[in-house]
Amino acid sequence: MPYLGSEEVVKELRRALSNPNVQADRLRYKNYITKVIRYMTQGLDVSALFMDMVKASATVDIVQKKLVYLYMCTYASDKPDLALLAINTLRKDCADPNPMVRGLALRNMCNFRMPGMTEYIEQPIVAGLRDKASYVRRVAVLGCAKMHSLQPNTEIDGTIVNELYALLRDPDPVVVVNCLRALEEILKDEGGVVINKPIAHHLLNRMKDLDSWAQSEVLTFLLRYRPRSDDELFDILSLLDAFLLSSHAHVAVATLRLFLHLASAHPTVQADALLRTSAPLLATCGAASRELRFAGLCHVQQVMRSQPGLFGTHYKRFFCGYSEPSYIKFRKMEILVELVNDENVALVLEELRSYCTDVSPELAQAAIAAIGRIARTYSEKCLDILTGLLGLKQDHITSAVIQTFRDLVWFCPQSTAAVCQTVGACVDSPQDSEGKQALLWLLGEHGDQISSAPYVMEGYIDGLKTELSSAVKMELLTAAVKMFLCRPAETQDMLGRLLHYCIEEESDVCVRDRALLYYRLLQRGVEETRKVVTGPKSDPSMSVLTGRQEEPISEWDSTFNTLGPLAGCDLCPQTAATSAADQPSCRAENELLPGKVDTDVTLSSPDDAEEEISLSLGPPLSHETFEKMWLDLETLHRQTLGFPRPRAAPDTLQAALQLVKIQTLAFTPGDTVPWKAYIYTRSTETLILAELLQGDQQAPGSDESLVVSVKQQPVNQHAIRGFVSVLKSVLQTLNPIKSKN
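No experiment lies behind these values; they were computed from the predicted model shown.

**Some details on the state of the cysteines**
Tallying each qualifying case throughout the model produces zero disulfides. In this structure Cys144 is a free cysteine whose sulfur lies 8.0 Å from that of Cys179, the closest cysteine sulfur available. Owing to a relative accessible area of 2%, Cys144 belongs among the buried residues under this scheme.

Printed below as a string of structure tokens:
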């Protein structure tokens, strides 16, 4: 919308620009041109002055030419007829003796967005590609890409493409980089610029002449080249070696990505490159720019997927600063959890505990969740901190601690007794929906260990009419039924009132259907209800899987130095593999599946179709019992399986074994040599204990293959053969490397 009085302003400017006395005074004339530009940038329509401004371009003053060119580019599309006159003026300036004028005229002529411009700018662009001045060549190269964008559907001019490829050897480094960008734009439908051996070697030799951003650009283009021999590969890596320690973070990261790409067949070279680039990455994590700091943290997380201990000694660099934004603090806490070890666990927990009282509830809850993740390995130390946080009596802290307790009990069953004791002594109840669901799950799942569980649950049932969350109501129904199964005398009356209200008065259809389901289950009998509702539980004998499974660098190097890590789309497979059904909040749905209640499984041996073995989990073994039996019994069977251990995540291996009723007692970390795993199962009346071992120097030929040792009580050779056959089939399914046998 034009300003009030704009017509008078335009008339006044026109009179001034056409006044011979003003034109004779260069300073006054330039001041009026500056006024035109000022009004234009403020939104005033000054397109009526187009002819006067075109005349003003006939000057030797570079500043005045720049102002007039800016005006022309702005209004050329509105005045296409008059713009043709401007084009003639610009074409004339393209032949000016001053290279700065030639470059300015060519650049602005390419910025005219009008139909039919190609025929006017093609000849000046071709002439500019052969100009003696490097500035004009820079502009002309980018003009080729602009000319192609004006008519993207036309056939590509081979002459222009050949000229651009020839200019890759231009002495000016900026021209070289501009040629790469222009060729990439022009040839994008054909796959972009082609990097062959001569071009790749030429670009590598010119790297030292480029500025930092041009170096980053060239390194990205070099990803398209594959060396033909190891000698050529290591020559290239030698040339790039100095750029790994560049003071510019983007150059160091781009070089690292190229290193990882070229040395994909040499893991030792990749590991050394990651080690050398750790210093620039750490420097990026402490950069003054918040955006750069966040990008550095995201890439550190990505590197830690293959090198978990690379930044272990620098864990203090990831302590949060007071003035840092929350998104940076969240990333730092995630990294701290991964860097925890026996030496720094006390300091890291102390730091995280200070975040738990932050003024931001989201940050405080994230810190509590981080302590909960560490508690899966260091339960005792973390439980003391979490118990102390309950004494603060703040709603968001209480809710986060209860949710952490719920997850901890599921992942670390050995912490159940301590968690139940703390929950039973807790006076305050969470007020938000997520906290209530977590508390109700604990009461229902472990109500037999919490003395006050029925009375706490009765308070929720009495206040059911004021509860707004349907998820809380459904969790309350499930918890009440589970409580009834373990403590019927104290729960029978309140369960009846709860079912009556949910069936007769509840307006939510999902809650009403859940109540009807439980009511009909109870009509079938307590044992039938127990089979459906209780479902499987985590085994208290399972130890926590310490250490993180290292991933191959090839899993993530393609997204390194891209927006992938920043956008969060490049997730750790170990995290992504944990399905929603494994979370406690979703187990209420899975507990209704009758397929979950089977305790025995009958499997056929793949080696002998007539041989079958029936495995079952039975009561769990404690670590002490397993160790005592393992030392007392003799090894009855020892076999080399002929393939290495599966490289799947520990959770995946554990879940696969559980599907065939083989229980996992303990793993060693993935990077430990020798690697061991202790497992056990039952077959009819026989207890089978086994050890998986890789890297045993005493067994010839078994340094790379898995060796299984089996002990049994009482002895049953048929059960041993069937167990080894089932175990071998499961491990082969997870292992992409075929067996040698």
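**Some words on the packing of aromatic side chains**
Inspection of the entire model under this criterion finds ten aromatic pairs. An angle of 80° between the planes, with centres 5.4 Å apart, marks the rings of Phe294 and Tyr327 as edge-to-face. Of this pair, Phe294 sits in helix H18 (residues 290–304) while Tyr327 sits in helix H19 (residues 326–339), and the two are 33 residues apart along the sequence. Assessed through its relative accessible area of 16%, Phe294 is described here as buried. We classify Tyr327 as partly exposed; its relative accessible area is 35%. Measuring from ring centre to ring centre gives 5.8 Å for Phe626 and Tyr678, while their planes differ by 75°; the resulting arrangement is edge-to-face. Within this pair, whereas Phe626 is found in helix H34 (residues 623–632), its partner Tyr678 is found in strand S5 (residues 675–683), the two being separated by 52 residues in sequence. Among the residues examined, Tyr678 registers a relative accessible area of 22% and is labelled partly exposed. Taken together, Phe626, Trp630, Tyr678 and Tyr680 form an aromatic cluster joined through their ring pairs. Note that Arg376 overlies the ring of Phe411, its terminal NZ or CZ placed 3.9 Å from the centroid.

**Things to note about the packing of helix H22 (residues 379–390) against helix H23 (residues 395–411)**
Across the interface, H22 lies against H23 with an axial gap of 9 Å and an inter-helix angle of 150°. In the packing of H22 onto H23, the handedness of the crossing is left-handed. On H23, the residues that touch Leu383, Leu386, Thr387, Leu389 and Leu390 of H22 are Ile397, Thr398, Val401, Thr404, Phe405 and Leu408. Of the residues contributing to the contact of H22 with H23, the split by class is eight nonpolar, three polar and no charged.

**Regarding the pattern of salt bridges**
Evaluated as defined, the whole model comprises 26 salt bridges. Between Arg181 and Glu217 there is a salt bridge, with the nearest N and O atoms lying 3.6 Å from each other. Here Arg181 is found in helix H11 (residues 173–186), whereas its partner Glu217 is found in helix H13 (residues 212–221), with 36 residues between them in sequence. Residue classification places Arg181 among the partly exposed residues on the basis of a relative accessible area of 34%. For Glu217, a relative accessible area of 28% gives the class partly exposed. Residue Arg353 pairs with Glu350 through a salt bridge whose shortest N-O separation is 2.6 Å. One end of the pair, Arg353, and the other, Glu350, are both in helix H20 (residues 345–355), three residues apart, so they sit about a helical turn from each other. Given a relative accessible area of 44%, Glu350 falls into the partly exposed group. Connected via shared salt-bridge partners are Glu458, Asp462, Asp493 and Arg497.

**Points about the nonpolar core**
One broad trend across soluble globular proteins is that nonpolar side chains are buried collectively. Ranked by internal contacts, the top residues of the largest apolar core, which has 184 residues, are Tyr71, Leu164, Ile195, Phe311, Phe318, Ile374 and Phe405. Here this core gets ten residues from one element, more than from any other, and that element is helix H27 (residues 470–486).

**Considering helix H26 (residues 453–462)**
Those residues of H26 not exposed but buried are Ala453, Pro454, Met457, Tyr460 and Ile461. Summarising the axial view, the buried residues of H26 lie within an arc of 115°, below the 170-degree limit, and thus occupy one face. For H26, exposure combined with an orientation more than 90 degrees from the buried face picks out Tyr455 and Asp462. Each element contacted by the buried residues of H26 is listed here: helix H25 (433–445), H27 and helix H28 (488–504).

**Here we look at the environment of Tyr378**
For Tyr378, the location among the structural elements is in the loop between helix H21 (361–375) and H22. Taking the relative accessible area as the measure of exposure, Tyr378 reaches 16% and is therefore buried. For the pair Tyr378 and Val345, spaced 33 residues apart in sequence, the C-alpha separation works out to 8.3 Å. Apart from residues no more than four positions distant in its own chain, Tyr378 is found in contact with Val340, Asn341, Asp342 and Val345.

**A word on the environment of Asn19**
The topology assignment puts Asn19 in the loop between helix H1 (6–18) and helix H2 (20–24). In this structure Asn19 comes out as partly exposed when scored by relative accessible area, which is 27%. Residues Asn19 and Tyr29, ten residues apart in the sequence, show an inter-C-alpha distance of 9.3 Å. Polar contacts involving the side chain of Asn19 include one to the main-chain amide nitrogen of Asn21, which spans 3.0 Å.

About the thresholds
Along each chain, residues carry numbers from 1 onward, in the same order as the chain's sequence is written. Owing to the predicted nature of the model, reporting of local features is limited to residues with pLDDT of at least 70; listing and counting of side-chain atom pairs is limited to 80 or more, with chain, interface and lining totals taken over all residues. Note: side-chain values were computed over all heavy atoms of the structure, leaving out hydrogens and water. Pairs of cysteine sulfur atoms within 2.5 Å are identified as disulfides in what follows. The classification of residues rests on relative accessible area computed with a 1.4 Å probe and restricted to protein chains. Under 20% of the type maximum is buried, over 50% is exposed, and intermediate values are partly exposed. When the centres of two rings from Phe, Tyr and Trp lie within 6.5 Å, Trp using its six-membered ring, the rings pair. Their planes under 30 degrees apart give stacked, over 60 give edge-to-face, and anything left gives tilted. Under the DSSP-based scheme used, a helix requires at least four consecutive residues in state H or I and a strand at least two consecutive residues in state E, with every element numbered from the N terminus. In this scheme, Lys NZ or Arg CZ marks a charge over a ring once it lies within 6 Å of the ring centre and within 35 degrees of the ring normal. In this description, a line fitted to the C-alpha atoms serves as the axis of each element, helices being fitted only across the stretch in contact, and the angle between N-to-C directions of two axes falls anywhere from 0 to 180 degrees. Should the near helix be turned anticlockwise from the far one by less than a right angle, the crossing is left-handed, and should it be turned clockwise, the crossing is right-handed. Two residues qualify as a contact provided that any one of their heavy atoms is within 4.5 Å of a heavy atom in the partner residue. Only Asp, Glu, Lys and Arg are considered charged, only Ala, Val, Leu, Ile, Met, Phe, Trp, Tyr, Cys and Pro nonpolar, and every remaining residue, Gly among them, polar. Salt bridge, as used here, is a side-chain nitrogen of Lys or Arg placed within 4 Å of a carboxyl oxygen of Asp or Glu. By nonpolar core is meant a set of buried Ala, Val, Leu, Ile, Met, Phe, Trp, Tyr and Cys residues that side-chain atoms within 4.5 Å join together. Taking the helix axis as origin, the arc is that swept by the directions to the C-beta atoms. Here a polar contact is recorded for every N or O atom pair within 3.5 Å, except that within protein the pair must consist of a potential hydrogen donor and a potential acceptor, and residues adjacent in sequence are included only if both atoms are side-chain atoms.

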